[in-house]
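# Examination of the molecular architecture
One-letter residues, chain by chain:
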Amino acid sequence: MKMRGKALMSNSLRIAWKDLVELFRNRLGLVMLVLMPIFMMGMVGFIFPSNNSLNHVSVGLANQDAGFGGSTVGSQVFLAILNRINDQTGMLEISNATNLDALKESVQKGEIQGGIVIPSNFTQCILSGQQGTLIIVTDNSNPQMSAAMQGALTAVFQQMSTMLAQQNVIAFNPAINATSALAIVQPYNVKVEGVVTGHSSYFDFIAPGIMAMTVMMSVMTGLPAAISQEKEVGTLDGMMVAPINRLSIIVGKTLAQTARGLLQGVLILILASVLFGVSIQGSILLVFGLLLLGVFSFVGLGVVLTSFAKDQETAMMIMMTLMFPMMFLSGVFFPVQQMPWYMQDISKILPLTYAADALRKVMVLGAGIPQITTELTVLIVFGVVMTGIAVPVFKRAMTR
Amino acid sequence: MDNESIIVVRNLTKAFGDFVAVDNIAFDMKKGEIFGLLGPNGAGKSTVIRMLSTLTRPTKGTATIGGFDIVKQDNEVRKLIGIVSEKMIMYNRLTARENLWFFGSLFGMQKEELNGRIDELLELVQLAKWEKAQVGTFSTGMKQKMNIIRALLNMPQVLFLDEPTLGLDPQSTVEIREFIRKLNREHDTTILITTHMMGEADLLCDRIGIIDHGKIVALDTSANLKNAIAGANTTILTLEIANLTPDLLTTVRALKCVETVSQENSSHMKIHAHGDGAFDSIIDAIRAKKANVVSIQNIQPTLEDVFLHITGREVRDTADQKIPLAEHRRFGGGFGGASRGRGQ
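Treat the numbers as computed from the prediction; the structure is a model and nothing was measured.

## Describing the packing of helix α10 (residues 246–276) of chain A against helix α11 (residues 284–308) of chain A
All names here are of chain A. The N-to-C vectors of α10 and α11 enclose an angle of 135 degrees; their axes lie 11 Å apart at closest approach. Considering the angle they form, α10 stands oblique to α11. In this structure, α10 meets α11 at a crossing whose hand is right-handed. Facing α10, whose interface residues are Ile250, Thr254, Thr258, Gly261, Leu262 and Gly265, α11 presents Leu291, Val295, Val299 and Val303.

## Section: the packing of helix α8 (residues 202–233) of chain A against α10 of chain A
Residue and element names in this part refer to chain A. At their nearest, the axes of α8 and α10 sit 8 Å apart, and the two run at 155 degrees to each other. As summarised for this structure, α8 and α10 are arranged roughly antiparallel, according to the angle between their axes. In this structure, α8 meets α10 at a crossing whose hand is right-handed. Class assignment for the residues of the contact of α8 with α10 results in 14 nonpolar, nine polar and two charged.

## Some remarks on the interface of chain B and chain A
Across the boundary between the two partners, chain B contributes 26 residues, which contact 23 residues of chain A. Elements represented by at least two residues in the side of chain B that touches chain A include exactly α2 (74–80), β6 (81–84), α3 (96–105) and α13 (325–330) of chain B. Class assignment for the residues of the side of chain B that touches chain A results in 13 nonpolar, six polar and seven charged.

## A few points about the domain arrangement of chain A
According to the domain assignment, chain A contains domain 1 (2–49 + 200–398) and domain 2 (57–185). Once you take the C-alpha centre of each, domain 1 of chain A and domain 2 of chain A turn out to be 52 Å apart.

## Description of the domain arrangement of chain B
In terms of domain boundaries, chain B breaks down into domain 1 (2–220) and domain 2 (226–301). Relative placement of domain 1 of chain B and domain 2 of chain B: their C-alpha centres are 40 Å apart.

## Digging into the nonpolar core
The biggest cluster of nonpolar side chains holds 137 residues, and the ones touching the most others in it are Met211, Ala212, Met216, Ala355 and Leu359 of chain A together with Phe160 of chain B. In terms of residue count, α8 of chain A provides more of this core than any other element does, 15 residues in total.

## Considering the sheet that holds strand β12 (residues 258–263) of chain B
All names here are of chain B. Taking strand neighbours across the sheet as the criterion, the four strands line up as β12-β13-β11-β14 in an open arrangement whose pairing is antiparallel. With one partner strand each, in any of the chains shown, β12 and β14 (293–298) form the two edges of the open sheet. Strand-to-strand twist in this sheet, taken as the mean axis angle between neighbours without regard to direction, amounts to 20 degrees. Along the sheet, helix α10 (residues 278–288) makes contact with β11 (234–241), β12, β13 (268–274) and β14, crossing β13 at roughly 140 degrees. Helix α11 (residues 303–311) contacts β11, β12 and β13 of the sheet and is inclined by roughly 55 degrees relative to β13.

## A short note on the environment of Ile65 of chain B
Residue and element names in this part refer to chain B. Mapping Ile65 onto the fold places it in strand β4 (residues 60–65). Among the residues examined, Ile65 registers 26 C-beta atoms within 10 Å and is labelled buried. Distance from Ile65 to Val77, taken between C-alpha atoms, is 6.2 Å for residues 12 residues apart in sequence. Non-local contacts of Ile65, meaning those with residues more than four positions away in its chain, are made with Ile6, Ile7, Leu52, Ile70, Val77, Leu80, Ile81 and Val158.

## Considering the confidence of the model for chain A
This prediction gives chain A a mean pLDDT of 84; 96% of its residues lie at or above 70. For chain A, helix α2 (residues 27–47) of chain A is the element with the lowest average pLDDT, namely 81, and helix α9 (residues 235–240) of chain A is the one with the highest, namely 92.

## Describing the pairing of strand β3 (residues 114–118) of chain A
Residues and elements named next belong to chain A. Summarising burial for β3: five of the five residues are buried, a large majority. Of the two faces of β3, the one holding Gly114, Ile116 and Ile118 and the one holding Gly115 and Val117 are both buried throughout. When strand β1 (residues 57–63) meets β3, the two strands line up parallel, connected through five bridges. Bridged to Gly60 within β3 is Gly115.

Rules of the game
- Residues numbered from 1 in each chain as written.
- Chains lettered and ligands numbered in written order.
- Predicted model: local features only at pLDDT ≥ 70, side-chain atom pairs only at ≥ 80, totals over all residues.
- Axes fitted to C-alpha atoms, helices over the stretch in contact; angles between N-to-C directions.
- Helix = DSSP H or I, 4+ residues; strand = E, 2+ residues; numbered from the N terminus.
- Parallel < 35°, antiparallel > 145°, perpendicular 65-115°, else oblique.
- Left-handed = near helix turned anticlockwise from the far one by under 90°.
- Contact = placed C-beta atoms within 7 Å.
- Nonpolar A, V, L, I, M, F, W, Y, C, P; charged D, E, K, R; others polar.
- Domains from an automatic or database assignment.
- Core = buried A, V, L, I, M, F, W, Y, C linked by C-beta atoms within 7 Å.
- Buried ≥ 20, exposed ≤ 12 C-beta atoms within 10 Å, placed from the backbone.
- Pairing = 2+ DSSP bridges.
- pLDDT = per-residue confidence, 0-100.

The following block contains the structure:
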């Protein structure tokens, strides 16, 4: 028994070595292996919006303030504060426009992405004890941008209103100090406290998921592809006529694919921390442990697919069909909580969901093993069950 | 009898769904024998080899190699055999030595033993100086040599060769043939070979089995097979006719005693006929058509004639090109007579 185990392992290692030598001699394949994570990270990291993504947004400003009694103090104060905030954040690039229609035309032409209009009665309203209304012009064809700009400008205006109100309170009653004045204007102050210190971006959310996905997918797709390719070329027969345990073919190939996947995973990790400032809060060993566990939970599925796919083409097609729903339903790109309930239910049966979740907890929240026992249990159980199904199925398929 | 047979095949059957690829075959092979399996495409040759080399499980029946059952003691069988299939079992991105090392190590050979064996084999086929080159850069002939020495790593007592010279140039073909014979002579290796080249089978094989529709339809030495059809009152003629017309071919073909007529070139035709007086009736028919006979040759039957006589088909028509396995499977059954299942 012990002897057989040893032979199984050494034969598996030989097969893994052979696969890796082939991989590293395939120049183009190797380039793709490195480029894939780079593209993936670059795409997700730069394209998806993050909190501070509003940078140098070109905005038109139409100041139509007619003044009140010869004074335009309302719009002057507003502009002064706006400019001061903008100098600090560099959020907007303001150009002047004549009126609302001119702004709308510029948006249609694509010259500016939105606009601010100060109506003619702005100072009049403020000085006569009414609210001054500001108009934000948005580009409806770009809802994402429009919402982001609307949100940001509203926040800025809100902040300006508060400052103005604070000053007004002091003006009414000079005995009140600035802090108390602020408390009168805005009694509630909201403070956001993350589980770990420092701000986190969308990227912190997505990086662990992408790592889990890349490693697990590369094993799940790599395994059937590699075996069905050898079946087609005929080299699989060379291994099949050797007096070795059939399992060593699967184990060896899995080892090689895992090494390939981990290589990509590490690349993603390096890119994420160098380019996007993602840091690992928890233990790095636990991160790799989780990746390996994720691989284990996926191997069975890969082996079952290998046994069913007659040729490489079929294998790839089955893979693609399975991969896409998994990518989007596992909460790698979008939080599972955003999905409708039935989608959430599907997401709960996908192992990738748990791997990505656990990895996120460890990497972003600095969780240890006690905090991720549920995920660990699910992954282990899934892996054991799938492997239990896969081994007899594979053995049967190989001697058809 | 059985105690000196290294391969014993009994009632071996393989079915893929409804299609019976190998139908209840039985034969024995003696140690040191070269046995040729001939048959048209799809006859079941490759399936026989795949079953005997433990790559495919038989549906029914048994076979033993060196006394070991091919199903129950498959790993024992694997230690005794080597297989050269029509596909190259070789990784293009590995060097010659790495390839041999990989496959050899799977047989559990020790480092020194394996290294020595690899040196010896590379030397044997004059590839030693290419040992560090990737196999992908090799010519087809070189690859096939590699393919064969790969099968010899474990010093097999039984070697299965599935179309070992398919697609090779004449020089490589001769080299490979010589090598096979040498192997048999010097190491007493038992060899089961499938080929569509009748000349090759005639030259190499001690005995020949003709397989058609999954059944062995004839099994004997080459000489006996030829004598059998000569004794069956068969006449084989080659006629050279100055004014050979399609009309003449049709006339001859219509004769009762004539089995097949084939036009060899613009002036030659070959006729297979049987029965007493066949010769006379053919000549009479040709004379009646006022054909101008230049020469007549009454030829000795070749293995090809035997094949034609037994299967009613020319081996060349069917076996020059193999239809890839995957294609067979995909259209399995739907092709009617054109493609009769998969493999050979």
